[in-house]
Amino acid sequence: MFTIYPAASRFSFDKGWLRGSHSFSFAEYQDENNTEFGPMRVCNDDVIAPGRGFGAHPHSDMEIVSIVLYGELRHEDNRGHVAVTNFGGIQRMSAGHGIIHTEHNASQTEDVSLLQLWFSPHTRGLEPSYEATAFNPERLHGQLLPVVAGERVPGTEGEVAAIHQDLTIYLSKLQPGERVEFAQSEGRRVFLFVIEGSLRVNGEYMLNGRDSARIEQEPKLSLEAQEPVFYMLIDLP
Amino acid sequence: MAQQETWLIKHAVTGRSFADSRKQILVCRMESADGVFRFTLQELPREAAEEIVRYSGELNVFRFVTPENGAVVKHWYYVAPESVQYDDQTGELRLEAGSKIEYHPEEYWGD
C-alpha cells in the first residue's frame, strides 16, 4: 500500500519568525485521522528566523530527532546539554520522564531549516538523554546512509544517533538515473520524504520536493532519481 | 499585585489545550505526599474531562506561579496515566503525578 502526500497537502503556516509545514496533527493543525504512522507522530519542516526560536518547554515520553538542512540550530536543556548543529548534524533527545529544553536559531543573520521528527518510544518513563551526532555528507551519495537507529552499531558512535524505538532513519542523495533498493520486512512501514529533487519509486510513483509517502506491504522498494535528489527514508515498526 | 497561579492541561504532542484557568473557570486543588502529587479539578466541562482521560498517556500538566514583583516560575508534572479518572456524578477529575520539574524560563534563552 502506497499513499502519497503531496507537499501542498501539508499544513503550512507563516508566523514571521517561524514558517513551516506539518505532515501530522500539530499545533494549529488538528486532524484526528492524521495523528500517527506507527510510532511516528510528528514530521515538521521548519524554518526559524535569525536569533529566534522556541523558549523553555517540556517534553515527556517522546523521541525527538532534529535534522538540520541548513543554518545553525542551538539546543539547551535542563540537564546541562548545549549543542549547536548545522548540516551534517543530528540532534536526538529522549524525553523520557521529563526534560525541559529550548531550541533556537544560533545565527543572527541566516535562517535555520530543519526537519523535526517525533516518535513514541518503546518504553515509557525512560531516563531523559540527549546526543548530537555528525555524519559525513559525502557518504550520502549513492546509498541509504543510516543517521539514527534503534540499535547501536559498533563503530558508529558519534555518527549514528541511538533512539529508543525499533526504527532507522536513512538519508540519501542520488544522481539522475542512479538507483538504490530497499527491502521492507513483513509488517514494517516506510515513511519516505523527498527533501529536494524528484524520485521515482518502484517505477511508477513519482515524488517531488517535500512530497512524502507512507508505505506498507511493499516488500521491495526501488528508488531512482529523476533529477538530483536528496531524500529521507524511515523504516518503522 | 498578589501572587498569581495558572493551571494548564495540554496534549503533549499536538499542544492542544484541554484546560486553561486563564480562559475558563477551573477549580484545581493539589496535595503532595511521599513524592506523589494529587490533583483534583472541578468545574471542568465534561467534554474536556473526557478528552483528558482519553489522552491520559500524553498530558502536559502545568502550574505557573507568578509571585508579586517576580518572574513566573513554571512547574511541570509527569502524570501517571492510570491515575487519570473522571467521576461524571461529582464532575471531579482526579490525576496523580510521580514527579515534577520546576523551571525558570528567564534562565534559558529567549522565552
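Residues numbered from 1 in each chain as written. Chains lettered and ligands numbered in written order. Predicted model: local features only at pLDDT ≥ 70, side-chain atom pairs only at ≥ 80, totals over all residues. Heavy atoms only, no water.

1. Focus on the overall build of chain A
Scanning chain A from terminus to terminus reveals zero helices and 22 strands. Taken over the C-alpha trace, chain A has a radius of gyration of 17 Å; the compact-globule value for 237 residues is 18 Å, and the two agree within 12%. When burial is assessed residue by residue, chain A has 57% of its 237 residues classed as buried. Of all intrachain contacts in chain A linking residues separated by at least 6 positions in sequence, the fraction that spans at least 24 positions is 73%. As displayed, chain A offers around 9,400 Å² of accessible surface, 46% of which is attributable to carbon and sulfur atoms. Placing the 19 positive and 33 negative side-chain charges of chain A at their respective mean positions leaves the two points 1 Å apart. (Helix = DSSP H or I, 4+ residues; strand = E, 2+ residues; numbered from the N terminus. Rg over C-alpha atoms; globule rule 2.2 N^0.38 Å. Buried < 20%, exposed > 50% of the residue type's maximum accessible area, 1.4 Å probe, protein only. Contact = heavy atoms within 4.5 Å. Areas by Shrake-Rupley, 256 points an atom, 1.4 Å probe, with all protein chains shown as cover. Lys, Arg positive; Asp, Glu negative; His and termini not counted. Charge placed at Lys NZ, Arg CZ, Asp CG, Glu CD.)

2. Section: helix H1 (residues 46-54) of chain B
Since one α-helical turn is 3.6 residues long, residues separated by three or four positions face the same way. All names here are of chain B. Among all positions of H1, only Ala48, Ala49, Glu51 and Ile52 are buried. Buried residues of H1, seen end-on, are gathered within an arc of 160 degrees and therefore sit on one face of the element. Exposed and oriented more than 90 degrees from the buried face of H1 are Glu47 and Arg54. Contacts made by the buried residues of H1 are with strand E1 (4-11), strand E2 (17-20), strand E5 (59-66), strand E7 (85-87) and strand E8 (92-103). (Arc of directions from axis to C-beta.)

3. Comments concerning the interface of chain A and chain B
Contacts between the two partners involve 34 residues from chain A and, on the opposite side, 24 residues from chain B. Summed over both partners, the interface of chain A with chain B buries about 2,000 Å², with 55% contributed by carbon and sulfur atoms. Here Arg16(B) makes a salt bridge to Glu32(A), at a shortest N to O gap of 3.9 Å. Between chain A and chain B we count seven residue pairs in polar contact (both at pLDDT 80 or more) in total. (Buried area = accessible area lost by both parts, 1.4 Å probe. Salt bridge = Lys/Arg side-chain N within 4 Å of Asp/Glu carboxyl O. Polar contact = N/O pair within 3.5 Å; in protein donor to acceptor, adjacent residues only side chain to side chain.)

4. Observations regarding the pairing of E1(B)
Residue and element names in this part refer to chain B. Pairing geometry for E1 and E5, over eight bridges, is antiparallel. Across the sheet, residue Lys10 finds its bridge partner in E5, namely Asn60. In this sheet, E2 lies alongside E1 in antiparallel orientation, the contact comprising three bridges. Counterpart to Ile9 in the pairing with E2 is Ala19. Remark: five residues form the turn of the hairpin made by E1 and E2, two consecutive strands paired antiparallel; Gly15 in that turn has positive phi of roughly 80 degrees. (Pairing = 2+ DSSP bridges.)

5. Things to note about the UniProt feature "binding site: Fe cation" (unreviewed entry) in chain A
In the numbering used here, UniProt assigns the feature "binding site: Fe cation" (unreviewed entry) to His57(A), His59(A), His101(A) and Glu103(A). For the residues just named, distributed over 47 residues, the greatest C-alpha separation is only 12.6 Å, placing them together at one site. Structurally, the position occupied by His101(A) is in strand E10 (residues 99-105). In this structure, His101(A) is in contact with Gly55(A), Ala56(A), His57(A), His59(A), His75(A), Glu76(A), Asp77(A) and Met93(A), ignoring residues within four places of it in sequence. Its location among the elements puts Glu103(A) in strand E10. Discounting chain neighbours no more than four positions away, the residues touching Glu103(A) are Gly53(A), Phe54(A), His57(A), Ser66(A), Leu73(A), Arg74(A), Gln116(A) and Trp109(B). (UniProt positions renumbered as here; feature names shortened; annotations may be inferred.)

6. Overview of the sheet that holds strand E5 (residues 53-59) of chain A
Residues and elements named next belong to chain A. Taken together, four strands build an open sheet; the order of strands is E5-E10-E7-E8 and the sheet is antiparallel. Looking at the sheet topology across the chains shown, the edges are occupied by E5 and strand E8 (82-85). Going across the sheet, the axis of each strand differs from the next one's by a mean of 15 degrees, ignoring polarity. One ladder, built from four bridges, connects strand E7 (residues 73-77) with E8; its direction is antiparallel. Directly across from Arg74, in E8, lies its bridge partner Val84. (Axes fitted to C-alpha atoms, helices over the stretch in contact; angles between N-to-C directions.)

7. Quick notes on the sheet that holds strand E16 (residues 179-183) of chain A
Residue and element names in this part refer to chain A. The four strands are arranged E16-E21-E18-E19 in an open sheet whose pairing can be described as antiparallel. Sheet topology places E16 and strand E19 (205-207) at the edges, where each strand pairs with a single neighbour. With strand direction ignored, the average angle separating the axes of adjacent strands in the sheet is 25 degrees. In this sheet, strand E21 (residues 220-225) lies alongside strand E18 (residues 199-201) in antiparallel orientation, the contact comprising three bridges. What sits directly across from Arg200, in E21, is Glu224.

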